[in-house]
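Next come the chains, spelled out residue by residue.
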Amino acid sequence: MVEEGQLLFQLDRKPFEAQLQVARAQLAQEQARLVTAEANRNRIEPLAEQNAVSLKDRDDAIGQYRAAAAGVEAAKANVITAELNLSYTAIHSPVKGLASFANVAEGTYLDPQNNLLTYVAALSPMRVNFSVSENQTLTHQDQVKSGRVRSPKKGDYRVEIILADGSRFEETGRLTFADAAFSQETGTFLVRAELPNAKGILRPGQFVRVRLHGAQHVGGILVPQRAVLQTAQGNLAFIVDAAGKAQVRPLQIGSMEGDYWLVEQGLKEGDKLVVDGGMKLRPDMPVKIVKTLEPYRVEADELLITPESAQPAVK
C-alpha cells in the first residue's frame, strides 16, 4: 500500500541538474545583456531629443534593449523547462492504492520502449465494468413500454456485487457510465458502476457478478421453483379451484430470484397454487390440501435485473 505523493522511483538527477545549471547561467547572461542595453538606451534617448545623435543610433539602442528583454524571457522559460525535467526524476505515486512489483531493476536505462516502472491500483472507489446484451436491452424496453416493468427515476439503479464464492459485497454503488454503441463483436454494450471499497476487498482484474436493484415488476408474482413444471408445451403449474379440483395454468415466467421464479403472466392474487405433489396431479383431479404456505411478499426493490455476462473489476 502506498500513499498519494509517496516516492516510488528516483532517476539519475545529474544530467538534468547540469541542464538546469546551464539554463540558469544563460539566464544570468541574458539579464546582464539587458542591464547593458537598458543603460545604453537611457543614455541615447536624451541625446536624440537634443539632436546630439542620429535617429538610427536611438532606434538601434531601443531595438537592442527589446531584444535583450526577449532574451531574458526565453532564458526564464528554459530554466522552468529544466526545473520541470529535473522534477520528473522523482517518480511519486499519483494516487493512494496498491503498488505492483517494479518492472525494472536499479541501474536500468529507460527509453520510450522501456518506460513502464510499475502501476498503482486505486482501490476506493472501485469501478466495475459489465456488459448488457442487446436481447436483454430490447426485452427490458418492451416490458417498460407495456407497463409490466417500471424503471427507477432517471435510471438510478442500485448496484450490488456478487463475489466468486456467491457472497454479497457489503457495499452498494451507482451506475456512472454507459457506452453509446453496442459492440459489433459481442452484441453487448459496456456499463460501468462505481462503489466504495474502503477495505480493499475488490481488486483490479477480479471477476464478479452484478445485480441492478430498482426496477419494479408491476403485478409480478414470485412462486417457489418446485411449483413450476417445465414441459414440452411450456411452463405449467396446478392451482386448486373453488370446487377443490386441480386445474392447469400455463405460465409465462421471467427471471429467477433465489429459490423463486418471477411469474409475469398466468397467475393472479388469491390463486391457490400447488407447490408440492404437482407431478402426481391430472386436470380435474380432486385435491386435499394438507398444508398451506403463507404468501411470500417482497418489496419492489428486491426484484432484480441480472446481466448475463460479467467483466473484471477495474480502476
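Each residue is numbered by its place in its chain's sequence as written, counting from 1. With pLDDT at 70 or above as the cut-off, local features in this predicted model cover only qualifying residues; side-chain atom pairs require 80 or more to be listed or tallied, and sums for whole chains, interfaces and linings still use all residues. Excluding hydrogens and water, the side-chain values take into account all heavy atoms of the structure.

1. Regarding the overall build of the protein chain
Put simply, the rule reads: Secondary structure counts use DSSP, requiring at least four H or I residues in a row for a helix and at least two E residues in a row for a strand, with both numbered from the N terminus. To get the radius of gyration, use the C-alpha atoms; to get the globule rule, take the number of residues to the power 0.38 and multiply by 2.2 Å. In this scheme, a residue with accessible area under 20% of its type's maximum is buried, one over 50% is exposed, and one in between is partly exposed, where area comes from a 1.4 Å probe on protein chains only.
On a plain count of helices and strands, the protein chain comes out with 3 helices and 19 strands. For the protein chain, the C-alpha radius of gyration of 37 Å lies well beyond 20 Å, the compact-globule estimate for 315 residues. Principal-axis analysis of the C-alpha atoms places the extent of the protein chain at approximately 130 × 50 × 35 Å. Counting over 315 residues, the protein chain shows a buried share of 29%.

2. Considerations on the environment of R192
Applied cut-off: Side-chain atoms alone can form a polar contact between residues adjacent in sequence; in general such a contact is a pair of N or O atoms within 3.5 Å, and within protein one must be able to donate a hydrogen while the other accepts it.
In this fold, R192 is placed in strand β9 (residues 188-195). Considered as a pair, R192 and A178 are 14 residues apart in the sequence and their alpha carbons are 6.2 Å apart. Within the structure, R192 has its side chain in polar contact with the side chain of N129 (distance 3.1 Å).

3. Examining the pattern of salt bridges
For clarity, the cut-off: Salt-bridge detection follows one rule: a side-chain nitrogen of Lys or Arg within 4 Å of a carboxyl oxygen of Asp or Glu.
Taken as a whole and assessed by the stated rule, the structure comprises 13 salt bridges. Between R168 and E160 there is a salt bridge whose closest N-O contact spans 3.3 Å. Classification of R168 as exposed rests on a relative accessible area of 54%. Connected through salt bridges with shared partners, the residues R249, K268 and D271 form a single ionic network.

4. Considerations on unusual backbone geometry
Comment: phi is negative for the bulk of residues other than glycine, and the bulk of peptide bonds are trans. Here the bond from S124 into P125 is cis, since omega is 0 degrees, no more than 30 degrees from zero. By the secondary structure assignment, P125 is in the loop between β4 (120-121) and β5 (126-133). Positive phi values are uncommon outside glycine, yet N51 reaches one of about 60 degrees. Despite not being glycine, D284 shows a phi value in the positive range, around 65 degrees. When its relative accessible area of 46% is taken as the criterion, D284 is described as partly exposed.

5. Topic: the confidence of the model for the protein chain
Should pLDDT be low for a region, the predicted coordinates there are not to be read in detail. For clarity, the cut-off: Scored from 0 to 100, pLDDT reflects the predictor's confidence in each residue. The contact criterion used is simple: two residues touch if any of their non-hydrogen atoms lie within 4.5 Å.
Considering every residue of the protein chain, the mean pLDDT works out to 86; 93% of them sit at 70 or more. Low confidence marks residues 299-315, where pLDDT is under 50. Its contacts with residues over four positions away, or in another chain, come to 67 contacts.

6. Details of the nonpolar core
Under the convention used in this document: The term nonpolar core refers to a set of buried residues drawn from Ala, Val, Leu, Ile, Met, Phe, Trp, Tyr and Cys, joined through side-chain atoms within 4.5 Å.
Among the nonpolar cores identified, the biggest contains 20 residues, and V128, F130, I161, L202 and V210 are the most heavily contacted of them. Of all the elements in the fold, those that place two or more residues in this core are β5, β7 (158-162), β9 and β10 (209-213). By size, the runner-up hydrophobic cluster in this structure holds 9 residues, among which are V228, I239, W261 and V263.

7. A few points about the side chain of S93
For S93, the location among the structural elements is in the loop between β2 (90-92) and β3 (98-99). Taking relative accessible area as the criterion, S93 reaches 3% and is therefore assigned buried. S93 has contacts with V2, E3, E4, G5, Q6, L8 and V120, leaving out every residue within four places of it along the chain.

8. Some thoughts on the pairing of strand β8 (residues 173-178)
Operational definition: The criterion for strand pairing is that DSSP finds at least two bridges linking the strands in question.
With 2 bridges connecting them, β7 and β8 associate as antiparallel partners. Opposite R158, over in β8, you have R174 as the bridge partner. Pairing geometry for β8 and β9, over 4 bridges, is antiparallel. Each residue of the ladder has a partner; that of A178, found in β9, is V191.

9. Examining the packing of helix α1 (residues 14-49) against helix α2 (residues 55-87)
Inclusion rule: Lines fitted to the C-alpha atoms define the axes, with helices restricted to the stretch that makes contact. Angles between their N-to-C directions range from 0 to 180 degrees. Oblique is the label for any angle not under 35 degrees, not over 145, and not in the 65 to 115 range, which are roughly parallel, roughly antiparallel and roughly perpendicular in turn. We call a crossing left-handed when the near helix sits turned anticlockwise from the far one by less than a right angle, and right-handed when that turn is clockwise. When residue character is reported, Ala, Val, Leu, Ile, Met, Phe, Trp, Tyr, Cys and Pro are called nonpolar, Asp, Glu, Lys and Arg charged, and the others, Gly included, polar.
Direction vectors running N to C along α1 and α2 enclose 160 degrees, while the axes themselves pass 7 Å from each other. Our classification of the angle between α1 and α2 gives roughly antiparallel. Handedness of the α1/α2 crossing: left-handed. Tallied by class, residues from the contact of α1 with α2 come to 18 nonpolar, 8 polar and 11 charged.

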